[in-house]
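# Commentary on secondary and tertiary structure
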Amino acid sequence: MDKLKAIKILVFIFTFLLIFGTLCAFGIIYRRLQAPQSARDITLDQPTGSYISDYKISDDSIFILLKGGKQSDRIIIINRSTNSKIAEIKTN
């Protein structure tokens, strides 16, 4: 009878550890999925000698005024949510 009680206690402990470990694993996975994504680098692909003269941050876009690089002045528009280049506008 003592062996049966020991087995019941072991089953109870292992069941508790299994449930507790599973809940902890789900909690860690959930926190990692909810963590803010790190900022990605954005490549502007501009010639050597180009520099950022001015910029403006709008609600959903970043407007960057580039000068130099043996080209006319140009404005690059970047989408803030996707960190991707939307358009390049050349000025004269």
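Look up: the structure comes first, before these words.
Here's what I pulled together on the structure shown here. For clarity, every value in this text was computed on a predicted model and none was experimentally measured. (Residues numbered from 1 in each chain as written. Predicted model: local features only at pLDDT ≥ 70, side-chain atom pairs only at ≥ 80, totals over all residues. Heavy atoms only, no water.)

## With respect to the overall build of the protein
The condition is simple: Numbered from the N terminus, helices here are DSSP runs of H or I no shorter than four residues, and strands are runs of E no shorter than two. For a compact globule the rule gives 2.2 Å times the number of residues to the power 0.38, and the radius of gyration it is set against comes from C-alpha atoms. Surface accessibility in these figures is a Shrake-Rupley result with a 1.4 Å probe; residues are shielded only by whichever protein chains are displayed. By the counting rule applied here, Lys and Arg register as positive and Asp and Glu as negative, while His and the ends of each chain are not counted. To locate a charge, the coordinates of NZ of Lys, CZ of Arg, CG of Asp or CD of Glu are taken.
Per the secondary structure count, the protein includes one helix and four strands. The helix and strand sequence of the protein, counted from the amino end, reads α-β-β-β-β. In terms of overall dimensions, the protein is more spread out than a globule: its C-alpha atoms have a radius of gyration of 28 Å, far above the 12 Å expected for 92 residues. The principal-axis extents of the C-alpha atoms in the protein amount to approximately 95 × 25 × 15 Å. A total of about 7900 Å² of accessible surface is found on the protein, and carbon and sulfur atoms cover 62% of it. In the protein, 13 side chains carry a positive charge and 8 a negative one; their mean positions are 11 Å apart.

## Digging into the side chain of Asn-79
The line we're drawing: Any pair of nitrogen or oxygen atoms within 3.5 Å is treated as a polar contact; in protein, a donor-acceptor pairing is required on top of that, and neighbouring residues in sequence qualify only through side-chain atoms on both sides.
Inspection of the secondary structure assignment puts Asn-79 in strand β3 (residues 74-79). Side-chain polar atoms of Asn-79 contact the side chain of Ser-81, separated by 2.9 Å.

## Some details on the pairing of β3
Note the threshold: Three labels apply to residues, based on accessible area from a 1.4 Å probe with only protein chains included: buried if under 20% of the type maximum, exposed if over 50%, partly exposed otherwise in between. At least two DSSP bridges between two strands are required for those strands to pair.
With five of six residues buried, β3 lies mostly within the body of the structure. Where strand β2 (residues 61-68) lies against β3, six bridges are found, and the strand directions are antiparallel. Bridging from a neighbouring strand, Phe-63 pairs with Ile-77 of β3. Connecting β2 to the next strand, β3, in antiparallel fashion are five residues, including Gly-69 with a positive phi near 75°. Relative to strand β4 (residues 84-90), β3 is paired through six bridges, and the arrangement is antiparallel. Its bridge partner being in β4, Ile-78 is matched across the sheet by Lys-85. Here β3 hands over to β4 after four residues, with Asn-83 in that stretch at a positive phi of 55°.

## Some points on the pattern of salt bridges
Counted only if it meets this: Here, a salt bridge means any Lys or Arg side-chain nitrogen found within 4 Å of an Asp or Glu carboxyl oxygen.
The full count for this structure, using the stated rule, is one salt bridge. We note a salt bridge from Lys-85 to Glu-88, for which the minimum N-O separation is 3.4 Å. For Lys-85, a relative accessible area of 36% puts it in the partly exposed group.

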